[in-house]
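Single-letter residue listing:
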Amino acid sequence: MTTTAGRSTPTEPRPGVKAGSVVGWLASTDHKRIGLLTVGTSLVLLLVAGGLAMAMRAQLTQPQLEVLSNDLYNQFFTMHGSMMIYMVMTPFAIGIGLYLVPLQIGAPNVAAPRTTMLSYWLYLTGAVVMLSGFSADSGAADHGWYAYPPLASSRYTPGQGVNLWIIGVALSSLGMLLMAGTVLWTVLLKRARGMAMLRMPVFSWSIVATNLMVIGAFPTLLVAVGILAGGRVYPDMFTENIWNIGYQHLFWFFGHPVVYVMFFPFVGAVAEVLATFAGRRFFGYKFLVLSLLLFAALSMSVWGHHMFTTGQAASNYYSLTSIMLVIPAGIEYFDMLATVVGGRLRFTTPMLFALAFLPQFLIGGLTGIMVGTPALDYQMQDSYFLVAHWHYTLAAGSLFALFAGVYFWFPKASGRMLREGLGKAHFWLWVAGTNLTFLPMFWLGLNGMPRRIPTYLPRDGFTTENLIATIGAGLLAVGGLVFIANVVVALRRPHQAPPDPWQAHTLEWATSSPPPTFNFSERYPIPPIRSYAPLLDLREQEQSSRAEAG
Amino acid sequence: MKSAHAVVGAWATGNLVLALILLFAFRPAGFIEQLLYIWSTALVAGFGVAVLLATRAGRVGTQRRQPRRAAAGIFAALGLAVGLTGFAYGWWLSVIAFYPLVLAAWLARGERLRRGTRPWPAALGDTEPAGPPRFVHYGSSLGTATAVPAEHAAHGPPAPPPPRPPHRLRKAALLAAGARAVVEMLRRRRR
Amino acid sequence: MPFSTVFDQLFTVWAAIAGGVFVLVTGIVLVAVLINRAKRRRKLPFRASENKPVELGYVVVLAGIVAALFYGSYQANSALNHGKGLAAETTTPAARIDVTAYRWCWDFAYQSAPVTVTGTCTTNDFPTVVVPAGQPVEFNLTSRDVVHAFWLPDFAAKRDAYPDHVNTLRMVFPEEGRWRGRCSEYCGTHHVTMDFYVRAVSPAEYQQYLDSGGAAV
């Protein structure tokens with residue numbers, strides 16, 4: 001094994017296997033490959049989870065349909081939620097950080113790349129194990145994505161589905177914990193010369209905040225699923241209240257920070273996209289950095305707002321901390337709006353997604369204040385109002401920002417441009433689809449429709465809103481297909497991407513598309529770093545020297 | 001690393017303040033909430049201390065030594081997955097998990113190049129290696145610096161020896177050695 | 001004040017604030033999109049990349065908003081007696097009812113009389129709990145198996161029912177009538193049909209109901 005090492009030369013480090021082969025990808029130590037594997041896997045699983053959602057919407061189109069049986073519906077919503085949270089949004093958030101952060105801070109690779117690859121494999125096997133529940137006799141897990149005991153104990157939900165769910169969650173969260181740790185280590189210790197902490201791009205800062213939360217919160221999830229595993233073996237322990245309420249505390253202690261894990265990197269992406277296509281420096285950099293860190297630290301103290309109706313949490317305290325989140329969120333919106341107001345806007349596909357993110361996520365945020373108010377939450381909790389709120393933050397918010405990021409960085413990662421026409425079709429379908437699907441759910445919730453019900457009666461008066469929501473979901477599906485077509489076209493009939501197709505600001509655009517093995521090379525060296533927008537600095541310098549000459 | 005200290009410090013202080021507010025102003029019924037605060041702050045602070053120690057040890061700046069492959073990671077993950085699946089299908093599976101884990105441990109050694117291996121293994125792509133690390137704390141305490149010894153990492157990598165022309169004989173010998181290593185491995189596994 | 005009044009008042013205020021903020025932000029974005037198009041502008045509207053006094057002032061404003069919102073939240077929750085119910089804890093409720101949730105229906109037992117109500121929660125066999133209108137009612141919620149939630153959507157009142165734990169929910173039904181209640185914490189296959197009804201009658205009729213041992217009134 002070590003003999004091959006002796007043959008490597010300074011000009012061309014020889015990997016143990018051919019770089020382009022399947023093994024070259026699956027055993028790679030290149031952060032870009034591991035990042036792309038993670039992000040790609042999560043996008044494939046997004047299709048799976050989206051398909052489950054489509055089936056559920058079909059079932060709810062009209063009252064008393066029988067597309068899915070009760071039990072199958074319960075499995076579908078459980079797996080939809082679990083896949084989206086544990087296997088799609090969180091891995092995408094951490095994976096895109098893994099891909100971009102070393103590039104943005106001028107590092108050749110992530111620290112401890114083998115641990116990072118281990119974490120990808122833990123994530124992948126975790127997803128496979130969780131999904132394999134569908135092949136179990138009793139079907140997949142059907143206890144909801146937060147798996148409250150005693151329902152999730154072996155007494156009330158026997159069968160392998162729940163066991164496989166527990167194993168899958170444990171594996172993939174362990175993977176995400178390790179991956180976040182290596183990326184954070186890279187950010188803190190492996191930056192290029194000149195890249196001070198306060199010269200890091202906004203996106204990298206969002207990843208710092210994200211990964212700090214992962215380190216603070218994910219171990220608690222491992223403990224919580226450990227308790228659940230104990231209850232699978234000794235279901236009697238959940239006859240005692242302390243274990244039930246204790247599990248809820250532990251779970252939400254993870255469960256709220258993870259919401260921001262699924263949000264911050266996407267805010268960072270939106271900030272980069274807005275600044276790039278506004279053609280200006282991001283406004284209020286330092287305040288944004290501070291607000292991200294404040295947001296992350298506060299996220300550790302709001303978990304009880306999921307438990308207002310339990311009668312066993314200090315509701316007013318959690319209401320206070322939840323409402324305090326208005327401060328960092330307000331700063332973020334102020335800075336993003338100021339960037340847009342003070343810019344020359346170019347409306348590319350990523351910019352459209354980023355602009356739509358602003359009002360759409362805002363709906364999620366403002367209704368978040370409502371559900372963070374106990375007196376209102378007693379009505380909204382576990383109703384469709386909550387479902388609507390939650391999907392406005394995650395689908396209308398994070399998912400739009402995710403696609404802003406995908407359209408923005410796809411040329412960098414693949415070396416090919418996506419088509420603008422298809423991208424815009426995708427965007428408009430999704431704007432219409434998202435709002436048609438989730439806006440009616442607010443009314444459903446206020447009118448008394450509980451979440452997680454497989455059907456309803458004609459006299460309930462839920463029919464119209466549900467029909468509209470299903471139509472919207474159909475538009476989302478069509479939009480998703482347009483996106484897939486866009487990727488296929490881009491790969492089949494490539495339009496070559498230049499190193500910097502967007503006139504962007506950060507270091508990853510200084511290198512080739514896709515970047516070389518160790519990110520920067522003689523041909524694409526790291527430019528001098530004097531601020532959080534080094535490429536913009538270069539352009540401004542060029543302009544001013546040209547102005548002087550002319 | 002001042003900003004990193006500030007981040008972790010502010011994080012811990014902020015959460016401590018919040019925990020105290022919870023404890024004295026809102027009087028929770030249980031103790032779980034306080035324990036969770038302490039536990040998570042300890043986790044974040046622990047990571048901060050690890051970063052601090054690494055900084056003190058001078059492990060800062062562009063990392064040049066790179067592993068070649070991550071097969072050990074794959075086997076470790078598969079082993080863990082099979083082992084944990086034992087929770088659903090019986091613990092005998094963890095016996096099977098033993099093999100990939102051992103294989104991973106065995107592979108892990110060879111995947112990272114030994115320190116000092118020549119030529120410098122991780123010249124970055126086709127670039128010259130970047131300069132010395134950006135920041136090295138070297139001295140008995142902050143503020144009192146001592147001269148950096150000649151072989152210290154702060155001076156950057158030692159100059160690579162002049163490249164030797166590839167020699168067929170050497171190649172053949174290496175190939176033979178490699179083949180023998182494989183045969184050895186297979187023989188050992190069969191036992 | 002009943003739950004629903006508190007809810008309606010607070011929700012109106014909160015929705016007005018939310019609507020205002022939404023219109024403001026969306027308006028700014030739309031105006032910027034219209035007048036800041038690269039085609040229309042030759043240079044940036046303004047070049048500054050930060051403005052500390054403005055941002056600091058803004059943070060102070062935000063802190064004020066937080067204080068106001070929390071005050072509203074706290075007041076409303078106190079009106080519901082710190083989330084424990086409506087009537088002051090010192091007043092004795094006119095009816096105390098032990099509610100036991102189980103998969104997948106409800107048991108109601110009156111503390112002052114040997115009357116129990118139950119059902120199967122299948123077609124047309126839902127339990128109806130009879131309560132006196134205009135007087136404080138106390139529900140003592142517990143569960144026989146998993147976590148359920150006692151939800152009266154028309155009154156914006158909800159509390160979870162746990163095994164090995166009793167949650168108390170005090171409320172007033174201001175007028176006579178009949179309302180549907182539901183389980184809102186997902187509890188398994190027949191969660192969807194786990195409904196009950198609350199029927200509020202005049203105190204006299206209520207007494208008659210108890211005296212007759214639960215005969216229909």
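This is a predicted model, so every value here is computed, not measured.

Cut-offs used in this document
- Residues numbered from 1 in each chain as written.
- Chains lettered and ligands numbered in written order.
- Predicted model: local features only at pLDDT ≥ 70, side-chain atom pairs only at ≥ 80, totals over all residues.
- Heavy atoms only, no water.
- Contact = heavy atoms within 4.5 Å.
- Buried area = accessible area lost by both parts, 1.4 Å probe.
- Salt bridge = Lys/Arg side-chain N within 4 Å of Asp/Glu carboxyl O.
- Polar contact = N/O pair within 3.5 Å; in protein donor to acceptor, adjacent residues only side chain to side chain.
- UniProt positions renumbered as here; feature names shortened; annotations may be inferred.
- Helix = DSSP H or I, 4+ residues; strand = E, 2+ residues; numbered from the N terminus.
- Pairing = 2+ DSSP bridges.
- Axes fitted to C-alpha atoms, helices over the stretch in contact; angles between N-to-C directions.
- Disulfide = S-S within 2.5 Å.
- Buried < 20%, exposed > 50% of the residue type's maximum accessible area, 1.4 Å probe, protein only.
- Phe/Tyr/Trp six-rings, centres within 6.5 Å; stacked < 30°, edge-to-face > 60°.
- Core = buried A, V, L, I, M, F, W, Y, C linked by side-chain atoms within 4.5 Å.

(A) The arrangement of the interface of chain C and chain A in detail. Residue-level contacts link 79 residues of chain C with 92 residues of chain A. Contact between chain C and chain A buries roughly 6,800 Å² in total, counting both sides, with carbon and sulfur atoms accounting for 66%. The interface formed by chain C and chain A includes 2 salt bridges. In this structure, the salt-bridge partner of R47(C) is E540(A), at a minimum N-O distance of 3.3 Å. For the pair chain C and chain A, the interface holds 32 residue pairs in polar contact (both at pLDDT 80 or more).

(B) Region of the structure containing the UniProt feature "transmembrane region" (unreviewed entry) in chain B. Residue and element names in this part refer to chain B. Feature annotation in UniProt assigns "transmembrane region" (unreviewed entry) to the following positions: residues 7-29, 35-55, 67-84 and 90-108. Helix makes up 100% of residues 35-55 and strand 0%, with an end-to-end C-alpha separation of 30 Å. Spanning residues 90-108, this segment combines 84% helix with 0% strand, and its end C-alpha atoms are found 28 Å apart.

(C) Layout of the sheet that holds strand β9 (residues 177-183) of chain C. Residues and elements named next belong to chain C. The mixed open sheet is built from 5 strands, whose spatial order is β4-β10-β9-β6-β7. Taken across any chain shown, the strands that pair with only one partner, and hence form the sheet edges, are β4 (128-132) and β7 (157-161). Between one strand axis and the next, the sheet turns through 25° on average, direction left out of account. Note: β4 against strand β10 (residues 195-201), 5 bridges, orientation parallel. The residue bridging V131 from the neighbouring strand is A200, located in β10. Seen against the sheet, helix α3 (residues 203-211) touches β4 and β10 and runs at an angle of roughly 130° to β4.

(D) Looking closely at the state of the cysteines. Residue and element names in this part refer to chain C. The final tally for this structure, using the stated rule, is 1 disulfide over all chains. Unpaired in terms of disulfides, C183 finds its nearest cysteine sulfur in C187, a separation of 3.9 Å. You can call C183 buried: its relative accessible area is 1%.

(E) The pattern of salt bridges, seen in detail. Residue and element names in this part refer to chain A. One pass over the structure, following the stated rule, counts 15 salt bridges over all chains. The partner of D30 in a salt bridge is K32, and the shortest N-O contact between them spans 3.3 Å. According to the relative accessible area criterion, D30 is buried, its value standing at 12%. Relative accessible area serves as the criterion here: at 6%, K32 is assigned to the buried category. Measuring nitrogen to oxygen at the nearest pair gives 3.7 Å for the salt bridge that ties K424 to E420. Of this pair, K424 and E420 both sit in helix α16 (residues 420-446), 4 residues apart, which is roughly one turn of the helix. The exposure class assigned to K424 is partly exposed, which follows from its relative accessible area of 30%. Owing to a relative accessible area of 30%, E420 belongs among the partly exposed residues under this scheme.

(F) A look at the packing of aromatic side chains. Residues and elements named next belong to chain A. Taken as a whole and judged by the stated rule, the model has 74 aromatic pairs over all chains. Between F264 and F295, the ring centres sit 5.1 Å apart and the planes meet at 75°, which makes this aromatic pair edge-to-face. On the criterion of sequence distance, the pair formed by F264 in helix α9 (residues 264-277) and F295 in helix α10 (residues 285-298) is long-range, its members being 31 residues apart. On the basis of relative accessibility, which here comes to 4%, the residue F295 falls in the buried class.

(G) Fine view of the nonpolar core. One finds Y86(A), W165(A), F139(C) and F173(C) to be the most contacted residues of the largest nonpolar core, which totals 308 residues. In terms of residue count, the dominant contributor to this core is helix α15 (residues 384-414) of chain A (22 residues). In contact with Y86(A), not counting residues within four places along its chain, are P91(A), M130(A), W145(A), W165(A), V169(A), S172(A), L221(A), F251(A) and F254(A).

(H) Highlighting unusual backbone geometry. Residue and element names in this part refer to chain A. The omega angle of the peptide bond from P149 to P150 is 0°, so this bond is cis rather than trans. Along the polypeptide, P150 turns up in the loop between α5 (113-131) and α6 (160-189). For the peptide bond that leads from S513 to P514, omega is -10°, which places it in the cis range. One non-glycine residue, D382, adopts positive backbone phi at about 60°. With respect to the helices and strands, the residue D382 is situated in the loop between α14 (374-380) and α15. For R452, which is not glycine, the phi torsion reads 65° and is therefore positive. On the secondary structure map, R452 appears in the loop between α16 and α17 (463-492). Classification of R452 as buried rests on a relative accessible area of 8%.

(I) How the structure looks around the environment of Y378(A). Residue placement: Y378(A) occurs in helix α14. Judged by its relative accessible area of 1%, Y378(A) falls in the buried class. For the pair Y378(A) and T309(A), spaced 69 residues apart in sequence, the C-alpha separation works out to 6.2 Å. In this structure the side chain of Y378(A) is engaged in a polar contact, spanning 3.1 Å, whose partner is the side chain of N77(C).

(J) Just the environment of P440(A), in detail. All names here are of chain A. Summarising the element assignment, P440 is placed in helix α16. Judged by relative accessible area, which is 9%, P440 ranks as buried. Residues P440 and G126, spaced 314 residues apart in sequence, show a C-alpha to C-alpha distance of 35 Å. Setting aside chain neighbours within four positions, we find P440 in contact with N435, E465, I468 and A469.

(K) Examining the sheet that holds strand β8 (residues 167-172) of chain C more closely. All names here are of chain C. Spatially, the 5 strands line up as an open sheet ordered β3-β2-β1-β5-β8, and their pairing is mixed. Two strands bound the open sheet, and with one partner strand each, they are β3 (116-118) and β8. For this sheet, the mean angle separating the axes of adjacent strands, direction not counted, is 20°. Note that strand β1 (residues 95-102) and strand β2 (residues 105-110) share 6 bridges and pair antiparallel. By the bridge assignment, T100 is partnered in β2 with D107.

(L) Representation of the UniProt feature "domain: Cytochrome oxidase subunit I profile" (unreviewed entry) in chain A. When the UniProt feature table is mapped onto this chain, "domain: Cytochrome oxidase subunit I profile" (unreviewed entry) is found at residues 25-530 of chain A. The straight-line gap between the two end C-alpha atoms of residues 25-530 of chain A is 35 Å; of that span, 67% is helix and 0% is strand.

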